[in-house]
Amino acid sequence: MSTPDLTTRASCADDSDPLALTVQQARDAIRAALVPIQDEEQVAIRSALGRALAKDCVSPLDVPSHTNSAMDGYALAGSDLPREGAREYRVVATALAGQTVSEVCVSGDCVRIMTGAPMPLGTDTVVMQEQVEVVDKDRVRIDARHRAGQNVRQAGEDIAQGSRVFERGRLLTAADLGVLASLGFAELRVHRRPRVAFFSTGDELRSIGDVLAEGEIYDSNRYSLYAMLTEAGVDIVDLGVVADDRQALDDAFHHAARVADVVITSGGVSVGEADYTKEILDKLGDIAFWTIAMKPGRPLTFGRLGQAMFFGLPGNPVAVMLTFHQFVRPTLRYLASGNWPIRLVTQARSRVTLRKRPGRFEFVRGILSYDEQGQLTVRPSGAQGSGVLTSMSRANCYVLLNEECAGVAEGDMVAVEPFSTVL
Ligand code: AMP
Ligand code: MG
C-alpha cells in the first residue's frame, strides 16, 4: 500500500480546535491513503454473493438464446394478420418451451405456442390466447387489432453475446448471480476479501463469562465490531482484549499488522492514555492522531501500520459504532471493490427541537417513522451520551447536523442517514 500523506494533529484540544479536521476532510484523507485489494481467487457462483468481480464479465451467449414467445397463444407471420375484420387460421403444430417445431408456417397457418418456446420458422408475431376465438381444435379466428412482431422476445434482447455485462469491481448481488447463472458461469474470478484484525484495549475490560470486580466492565466493543465486520463481509481475525501494557500492545500490533489488511482497535490508543502506544505506532508505521470536529467520536487515529491500514477507534461504545459506520465501512468497501460507496441521505421532519452550536458535525441517533399524514419524521432515540449504547440499538438512522447548523426547531426538515440503505 502507498504511504498516506497524513498530518499529525494534536488530539487534546477542545471543540473549537482550529486544527480539527472536518468529517469530510477525514473521509477524503482516508480514501486517498487506500489501495484496493488486487489479489484474486476463483469461487463457485453460490459463494460469490457480495464478492467483487476481478474481471469485466463478457457474455459468452445471447440472452435469450433464441427468439421466443412472451405469451401463451398462437404464432404466425405478422404480414399475414388481417387488415380489417377477422380471419381463420389452420393450427399446424404446437410449440412448447425447450422444443423446436419442424413445421414451417405459410399464409393461413399458425402454431399453438407456449411462453418461452422458440418461434417456429415463418412466424414473427404472437397473438395471446385470450384474444383468439377457437373455432375447433385445428382452427382459430384472429381479428385485426394486432401488431406485427408483438409478444416476441428477440434473441440477445436482454444481453447480446460479446457485450460487457458487469464491470470489474462490481459487488455481486442476488440478481447479478441470477444473470451470471443465465450465462452459464459456474465459477467466478473475484478479489480476495479484506482481512480485518481487531482488538480491544483497556485494563478495566473483562470477557463475557468473567465475574466483574469493582470498576470493571464487559468488553462490548468486540461484539459490536465483530457484528459490523460480519455485515461488511470481510474476513475477521479477533485478537481479543490486550492489556494496557507495553509488551502486550507491541506484540498485538506487530501480529495484527502482519496478518491483516486493516487493523482496528478500540479504546485508549488515540489519546495519550499511555505514551508507549504512540511510540509503538510511530515505530511501526505512519500514523496520525486526529481530532475530528464531530460528536461523538472526536479522536480518531488513522494511518499505515506495516502493510496494513490502521484505525484506532475511540473506546466509547457509541463512538466505536459511529466511527466504524462513517469511516471504516466505506474503507472496507473501497478495499474490496475499488468503489467508494454512495451514502443515501434523505430529509425528514424533526418531531422535536434539537439544540446545537455551530462548529462541529453532530450525529444524533434517531428513529425514522411516518406520521399520520404519511410524512417521514424523525426523533432522537434516547439519551445521546457516547456511552449510551441502548440509544444506538433503538435507532434506525443518524440525524446529520452539519458544522454550520445552529439548532433545529420542531417541524424543521433535517438530513437523515438511514442505517440500512447504504447503496
Ligand atoms: P478509552 O478510549 O479507553 O478512554 O475508553 C473510553 C470509555 O469507553 C471508557 O469508559 C471505557 O471503559 C469504555 N470502553 C473502552 N473500551 C471498551 C470496550 N471494549 N467495551 C466497552 N466499553 C469500552
Ligand atoms: Mg482505555
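Residues numbered from 1 in each chain as written. Chains lettered and ligands numbered in written order. Predicted model: local features only at pLDDT ≥ 70, side-chain atom pairs only at ≥ 80, totals over all residues. Heavy atoms only, no water.

Draft legend 1. Fine view of the sheet that holds strand β16 (residues 235–242). On the basis of which strands lie adjacent, the open sheet formed by six strands has the order β16-β13-β17-β21-β20-β18 and mixed pairing. The strands lining the two open edges of the sheet, one partner per strand, are β16 and β18 (285–291). Averaged over all pairs of adjacent strands, the angle between strand axes in this sheet comes to 15°, irrespective of strand direction. Direction of pairing for strand β20 (residues 299–305) relative to strand β21 (residues 308–313): antiparallel, over a ladder of five bridges. Bridging from a neighbouring strand, R304 pairs with M309 of β21. Relative to strand β13 (residues 195–201), helix α4 (residues 246–259) is tilted by about 165°, and along the sheet it contacts β13, β16, β17 (262–266), β20 and β21. Across the sheet, helix α6 (residues 317–337) touches β13, β17, β20 and β21, and the angle it forms with β21 is around 170°. (Pairing = 2+ DSSP bridges. Helix = DSSP H or I, 4+ residues; strand = E, 2+ residues; numbered from the N terminus. Axes fitted to C-alpha atoms, helices over the stretch in contact; angles between N-to-C directions. Contact = heavy atoms within 4.5 Å.)

Draft legend 2. Quick look at unusual backbone geometry. Of note, the bond from V63 into P64 is cis; its omega dihedral lies within 30 degrees of zero at -5°. The residue P64 is located in the loop between β2 (57–58) and β3 (68–69) in this model. Each neighbour pair has its own omega, and for K295 with P296 the value is -5°, a cis peptide bond. Within the fold, P296 resides in the loop between β19 (294–295) and β20. Backbone geometry places N151, a non-glycine residue, at a positive phi of 60°. Mapped onto the fold, N151 is located in the loop between β9 (139–143) and β10 (152–153).

Draft legend 3. Main features of a negative patch on the surface. On the surface, D203, E204, D245 and D251 cluster together to form a negatively charged patch. Topologically, E204 is positioned in the loop between β13 and β14 (205–206). (Patch = residues over 30% accessible without salt bridge, like charges linked within 9 Å, V, L, I, M, F, W, Y side chains within 5 Å. Areas by Shrake-Rupley, 256 points an atom, 1.4 Å probe, with all protein chains shown as cover. Salt bridge = Lys/Arg side-chain N within 4 Å of Asp/Glu carboxyl O. Lys, Arg positive; Asp, Glu negative; His and termini not counted. Charge placed at Lys NZ, Arg CZ, Asp CG, Glu CD.)

Draft legend 4. Structural detail: the packing of aromatic side chains. One pass over the full model with this rule turns up eight aromatic pairs. Ring geometry for F302 and F311: centres 5.0 Å apart, planes at 50°, overall tilted. The exposure class of F311 is buried, given its relative accessible area of 0%. (Phe/Tyr/Trp six-rings, centres within 6.5 Å; stacked < 30°, edge-to-face > 60°. Buried < 20%, exposed > 50% of the residue type's maximum accessible area, 1.4 Å probe, protein only.)

Draft legend 5. Seen up close, α6. Counted at 1.5 Å a residue, the expected span for α6 with its 21 residues is 30 Å, and the 28 Å between its end C-alpha atoms agrees. Along α6, the largest kink reaches about 45° and is centred on F324. Burial runs high along α6: 19 of the 21 residues are buried. After α6 finishes, the residue G338 shows a positive phi value of roughly 80°. (Expected span 1.5 Å × (residues − 1). Bend = angle between axes of the 7 residues up to and from the residue.)

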